[in-house]
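Examination of the molecular architecture
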Amino acid sequence: MKTLAYLSSYKTLKNDFYEEIEKQKANIEDYAFQYDICIDRFFTESFESNDTSKPVLINIIHDYYDSVKTIIAQNPNSISRNSDFRYWILDELKRIGIDIIFLENTGEPVANKNILQKTTEIKSKIKEIPSLPHVVTKVMEVVQDDNSSAFTLSKIIAGDLGLTSKVLKIVNSAVYGFEKQITSIRQAIVVLGFTTIRGIVLSAGIFKIFSPQKNTIFDYEDFWRHCMLTAMASKHLLRLIDSPTHHDIFSIAFLHDLGKIILAQYDYDNYLNVYPQIQEQDDYRVKFRIEEEACGINHCEIAYSVLNSWNLPSVFPEVCLYHHTPQLSKDYEFACTLVYISDTIVNYVVKGKLLDTKPFEEDTLSRFNITQENLEDLYTYTTEQVEKVKDITGFFN
Ligand SMILES: [Fe+2]
Ligand SMILES: [Fe+2]
């Protein structure tokens, strides 16, 4: 899918017009360079165009609607200074699935420096985020090693008392629903298996890094409940379609929205300003745009960078990056699709909406053997799980 750039100026003198077009082009090229975006073509609106006649833009919409993913433009005014016409164009783009990125939100010239500055700030923020506790990385390694035993794993976890009690707390919570109390890590490994324990240790480590902060409007409990429900739903969906792959889907899905908590803790000024606005939105493209305008990066991209820096297996960062757009994932489309479907259904259930299967493409569902009955089953299952994740506060202490 292509990325195009759209250039347009309202200058009435030809020289000024072309000077501004050149400036916009340079800004967009800088932006594309910073974010490693390949621009397939630059389109320039004609000198004669006015606020309600944008022939080049209309042609792009008509001719490229099925081959373009993104259009980059300098600012909303370059679409039109007439708000009715602008909203019509933006709605049209949204309807046909083209994202639009504005380098700046107003008609002010040259945001170039700010963008460069933002990128550097983001990089320094990523550096500030703590690394995964050593014991967690060790557990991840041991589980990946085919020759390791339950004994080695339990020894590593038992060496960290805080982690041991947290793991036992999670294992004994309603989420896993064991009737008998599990009292040792050894027993937990036997009952739940290596991969599940790895997921639990990872979750416990993450809970520790991102423990709730006081005086913030970010709703930690709601956030972790969403993660937990999406993880449970993804695991259930995997079971329904009886797939032999991705046994660790629970922990992969658990981390899918980690970027939100990263932004809430490491870019709080910018993120919390727009947090209520993001919460109101259902469309991920609008959420992305708000996040990018406020923080210079969206929750998927920042999680991707951080999880890569933690050296987690590549499926973890990839699912974070593509859980809203699974079709873009080259190597993990299946895992991304499982999490995408579960995330969407969890949102329906929590918001009290009925099941709507329209967002899921028929072709994708059939490629992964997911039936309409599976989706209905998943919706019912998720509804039944909501109660179980109510006590999530216990996981933090
Ligand atoms: Fe998300
Ligand atoms: Fe989510």
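Residues numbered from 1 in each chain as written. Chains lettered and ligands numbered in written order. Predicted model: local features only at pLDDT ≥ 70, side-chain atom pairs only at ≥ 80, totals over all residues.

Things to note about the packing of helix α17 (residues 315–322) against helix α18 (residues 333–350)
To be explicit about the condition: Where helices are involved, their axes are fitted lines through C-alpha atoms of the stretch in contact, as for all axes, and angles between N-to-C directions lie from 0 to 180°. Counting from the N terminus, the helices are the DSSP runs of H or I reaching at least four residues and the strands are the DSSP runs of E reaching at least two. Relative orientations are named as follows: roughly parallel for angles under 35 degrees, roughly antiparallel for angles over 145 degrees, roughly perpendicular for angles from 65 to 115 degrees, and oblique for any other angle. Helix crossings get a hand from a simple test, with the near helix turned counterclockwise from the far one by less than a right angle marking a left-handed crossing and a clockwise turn marking a right-handed one. It is the C-beta atoms, placed from the backbone, that decide contacts: two residues are in contact if theirs lie within 7 Å. Only Asp, Glu, Lys and Arg are considered charged in this grouping, and only Ala, Val, Leu, Ile, Met, Phe, Trp, Tyr, Cys and Pro are considered nonpolar; every other residue, Gly among them, is considered polar.
Across the interface, α17 lies against α18 with an axial gap of 9 Å and an inter-helix angle of 50 degrees. Regarding the angle of α17 to α18, the classification is oblique. Considering the relative orientation of α17 and α18, their crossing is right-handed. Residue-level inspection shows Val315, Glu318, Val319 and Tyr322 of α17 in contact with α18, the latter providing Ala335, Cys336 and Val339. Tallied by class, the residues present in the contact of α17 with α18 amount to 6 nonpolar, no polar and 1 charged.

Regarding the nonpolar core
Here is the rule we go by: Remark: nonpolar core denotes a set of buried Ala, Val, Leu, Ile, Met, Phe, Trp, Tyr and Cys residues whose joining runs through C-beta atoms within 7 Å. Between the buried cut of 20 or more and the exposed cut of 12 or fewer other C-beta atoms within 10 Å of a residue's own C-beta lies the partly exposed class, and all C-beta atoms are placed from the backbone.
Val167, Val201, Met228, Val319, Cys320 and Ala335 are the most contacted members of the largest nonpolar core, which totals 78 residues. For this core, the element with the highest residue contribution is α18, accounting for 10 residues. In contact with Met228, not counting residues within four places along its chain, are Val175, Phe254, Val389 and Ile392.

Remarks on the domain arrangement of the protein chain
Just so we agree on the cut-off: Reported domain spans reflect what an automatic or database domain assignment gives.
Here the domain parsing of the protein chain yields domain 1 (2–110) and domain 2 (121–395). Relative to domain 2, the C-alpha centre of domain 1 lies at a distance of 37 Å.

Quick notes on the sheet that holds strand β3 (residues 68–73)
The line we're drawing: The criterion for strand pairing is that DSSP finds at least two bridges linking the strands in question.
Taken in spatial order, the 4 strands of this open sheet run β2-β1-β3-β4, and their pairing is parallel. Of all strands in the sheet, those bounded by a partner on one side alone are β2 (41–44) and β4 (99–102). Across the sheet, the axes of successive neighbouring strands diverge by a mean angle of 25 degrees, strand direction being ignored. Two strands pair when backbone bridges link them, and strand β1 (residues 2–7) and β3 are joined in this way by 5 bridges, in the parallel orientation. Looking at β3, one finds that Thr3 is bridged to Thr70. Together, β1, β2 and β3 form the strand contacts of helix α1 (residues 14–34), whose direction differs from that of β1 by roughly 150 degrees.

Focus on unusual backbone geometry
If a residue is not glycine, its phi is most likely negative; likewise, a peptide bond is most likely trans. Positive phi values are uncommon outside glycine, yet Asn311 reaches one of about 60 degrees. One can find Asn311 in the loop between α16 (299–309) and α17. Even without glycine at this site, Asn369 takes up a positive phi of about 55 degrees. Turning to its location among the elements, Asn369 is positioned in the loop between α19 (362–367) and α20 (372–385). A residue is classified by how many C-beta atoms lie within 10 Å of it, and Asn369, with 11 of them, is exposed.

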